[in-house]
Amino acid sequence: MMTAGQTGFCPPMGWNSWNTFTWDINEDLIRQVADVFVAEGYRDAGYEYIVIDDCWSLKERDAKGNLVADPEKFPGGMKALADYIHDKGLKFGMYSCAGTHTCAGYPGSFEHEFEDARQFAEWGVDYLKYDYCYKPRTMDGELLYRRMALALRNSGRDILFSACNWGEDNVHGWIRSAGAHMYRSTGDIQDNWESIKKIALSQIDKMSYTGSFCHNDMDMLVVGMHGGSNNDFIGKIGGCTDAEYRTHFALWCMMGSPLMIGCDVREADEATKAVLLNPDLIRISQDPESRGSYVVNPEPQWLGNSGCFVLVRVLSDGELAIGFFNLGEGRREIPLQFWDLGITYGCGAALSLYDCFGQKELGSFRERFAATVESHDCLILRGRLQYDG
Ligand code: GAL
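Residues numbered from 1 in each chain as written. Predicted model: local features only at pLDDT ≥ 70, side-chain atom pairs only at ≥ 80, totals over all residues. Heavy atoms only, no water.

**Q** Kindly report on empty space enclosed by the protein, identifying the contributing residues and their values.
**A** Rolling a probe over the atoms, with the probe sized like a water molecule, indicates the empty space that remains. Applying the stated criterion across every chain, the model contains four cavities of 30 Å³ or more. Quantified by volume, the second largest cavity comes out at close to 40 Å³. Contributing to the lining of the second largest cavity are Asp54, Cys55, Trp56, Ser57, Tyr95, Ser96, Thr102, Tyr106 and Pro107. Looking at side-chain class alone, the lining of the second largest cavity contains five nonpolar, three polar and one charged residues. (1 Å grid on protein atoms, 1.4 Å probe; cavity = no way out; pocket = protein on both sides within 12 Å on 5 of 7 lines; lining within 4 Å. Points joined across faces, edges and corners; volume = space filled by probe spheres on them. Nonpolar A, V, L, I, M, F, W, Y, C, P; charged D, E, K, R; others polar.)

Dropping the structure here:
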């Protein structure tokens, strides 16, 4: 029987090197991230995978056709690094590509799938992110993902398979059957509000394509980066406000995306930690049934094109996660009529509401709750039904 805790059952949680460090990675950095994960409560909050993204190998395979870890960046080798991570009670992730080369021009796994999967298993890899650059144009993406899924399955190790084809080729229609545990559904995120908003809005009508065993990956989190990337595209300056990062995290939790941290956790400030480690938001994300959320009254007449909406996720214990989002400009009142949840006055129920970021009970409400939400901010509630008598 499948249970929570099995590979890919809930949206994976962890850290990935790409957003902040891109090419500038090495084993000391990875070890330090693992140390921080333990010392600062990330592991205990549920974050488990530490993933090295692109740029970890040499530009050429060795004479036997094996991938070789760059000896300058990883002098101790990948096995020792995996051991270090495992000793901390964490899991180790690496990256390759369905094409002949990775996006940064390192060797990819095209036509090397089975030997590479064996190599990853020998190193102790628990998670493989699999990109889509330099895929021969005539090759079918579904076939290539299926081939690597089979190779991993035959590697002798339980390895989470994270597909990354940026939402192309209608991936949501076939990736579940190809064997991925999570799949990127959008282009790369950037450390700015417009990027967060664009990704979230583009996935709202895709909620039926995410769930247990295969989760819609809206890309790594930019929470807490504050313009800290070493890469111009992702964002070297500015970043987002704390409210924008909070809203970003809440959207990813409510919409069932994996939660892969992308900031430098060694430098994370208190506001960043309060968001990433919020137990009530993580509980919504990791609800064992991984149901999609639905939108209540998208753009009702009185909200117009304001960018305001309510997302609802029914949790496995019967409680409701309710997110009031204001992605538009200016403070707005966002109303929720309980009949839209199926909770009519006639059914005799009230909703007892708890504010997940504010960490306080708001009281018991009938028929309606209206949230006043600042621009680019959100209010995330848990609702418990209470019946008369
Ligand atoms: C992109 C991918 C990014 C990152 C990058 C590495 O295709 O979407 O998340 O992995 O490649 O080159």
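**Q** Account for helix α2 (residues 27-39), with residues named and values stated.
**A** Between its first and last C-alpha atoms α2 spans 18 Å; for 13 residues at 1.5 Å apiece the expected length is 18 Å, and the two agree. If you check which residues of α2 are buried, you get Glu27, Leu29, Ile30, Val33, Ala34, Val36 and Phe37. Sitting at the amino-terminal end of α2 is Asn26, which places a side-chain oxygen 2.9 Å from the backbone nitrogen of Asp28. Looking one or two residues beyond α2, the residue adopting positive phi is Gly41, at roughly 90°. (Helix = DSSP H or I, 4+ residues; strand = E, 2+ residues; numbered from the N terminus. Expected span 1.5 Å × (residues − 1). Buried < 20%, exposed > 50% of the residue type's maximum accessible area, 1.4 Å probe, protein only. Polar contact = N/O pair within 3.5 Å; in protein donor to acceptor, adjacent residues only side chain to side chain.)

**Q** I'd like a rundown of the site of the ligand, residues and numbers included.
**A** The environment of the ligand is formed by 13 residues, the closest being Asp53, Asp54, Lys129, Asp131 and Asp188. The separation between an oxygen atom of the ligand and a polar side-chain atom of Asp54 is 2.7 Å. Considering the ligand on its own, with 310 Å² of exposed area, one finds that the protein chains cover 95% of that surface. Its residues assigned to classes, the shell around the ligand comprises seven nonpolar, no polar and six charged. (Near = heavy atom within 4 Å. Areas by Shrake-Rupley, 256 points an atom, 1.4 Å probe, with all protein chains shown as cover.)

**Q** Before we move on, could you go through the domain arrangement of the protein chain and cite the residues and values that matter?
**A** Many descriptions give the size of an interface as the accessible area lost when the pieces come together. Here the protein chain is partitioned into domain 1 (13-285) and domain 2 (294-387). Of note, the centres of domain 1 and domain 2, computed from C-alpha atoms alone, are 32 Å apart. Counting from both sides, the interface comprises 21 residues of domain 1 and, opposite them, 22 residues of domain 2. Remark: the boundary between domain 1 and domain 2 carries two salt bridges. One salt bridge connects Asp377 with Arg246, and the closest N-O pair in it is separated by 2.8 Å. (Domains from an automatic or database assignment. Contact = heavy atoms within 4.5 Å. Salt bridge = Lys/Arg side-chain N within 4 Å of Asp/Glu carboxyl O.)

**Q** Give a description of the layout of surface pockets that names residues and reports values.
**A** By volume, the largest pocket amounts to about 320 Å³. In terms of lining, the largest pocket is formed by 14 residues, of which the most central are Thr7, Arg153, Asp158, Ile159 and His181. Among the residues making up the lining of the largest pocket, the classes are represented as seven nonpolar, four polar and three charged.

**Q** I'd like a rundown of the sheet that holds strand β14 (residues 360-365), residues and numbers included.
**A** Strand order across the open sheet formed by six strands is β9-β10-β11-β16-β13-β14, with antiparallel pairing between neighbours. At either margin of the open sheet sits one strand with a lone partner, and together these are β9 (294-296) and β14. Averaged over all pairs of adjacent strands, the angle between their axes in this sheet comes to 30°, without regard to strand direction. Here three bridges tie β9 to strand β10 (residues 308-314), and the two strands are oriented antiparallel to one another. Bridge pairing in β10 places Val295 opposite Leu311. The strands touched by helix α9 (residues 242-254) are β10, β11 (320-326) and β16 (377-387); relative to β16, the strand with the most contacts, the crossing angle is about 45°. (Pairing = 2+ DSSP bridges. Axes fitted to C-alpha atoms, helices over the stretch in contact; angles between N-to-C directions.)

**Q** Describe the side chain of Ser212, naming the residues involved and giving the relevant values.
**A** Tracing the backbone through its elements, the reader meets Ser212 in the loop between α8 (193-203) and β7 (215-217). Since its relative accessible area comes to 16%, Ser212 is described here as buried. Residues in contact with Ser212, not counting those within four places in the same chain, are Gly8, Phe9, Arg176, Pro288, Glu289 and Ser290.

**Q** Outline the state of the cysteines, listing residues and values.
**A** Note on terminology: disulfide describes a covalent bond linking the sulfur atoms of two cysteines. Applying the stated rule across the entire model yields one disulfide. What pairs with Cys103 in a disulfide is Cys133, and their sulfur atoms sit 2.1 Å apart. Since a negative S-S torsion denotes a left-handed disulfide, the Cys103-Cys133 link at about 100° is right-handed. Separated by 30 residues along the polypeptide, Cys103 in the loop between β3 (91-97) and α5 (113-123) and Cys133 in the loop between β4 (127-131) and α6 (141-153) bring together distant segments of the chain. A residue is classified by how much of its surface remains accessible, and Cys133, at 15% relative accessible area, is buried. Considering cysteine sulfurs only, Cys103 is the nearest to Cys164, which forms no disulfide, with 7.0 Å between them. By relative accessible area, Cys164 is classed as buried at 2%. (Disulfide = S-S within 2.5 Å.)

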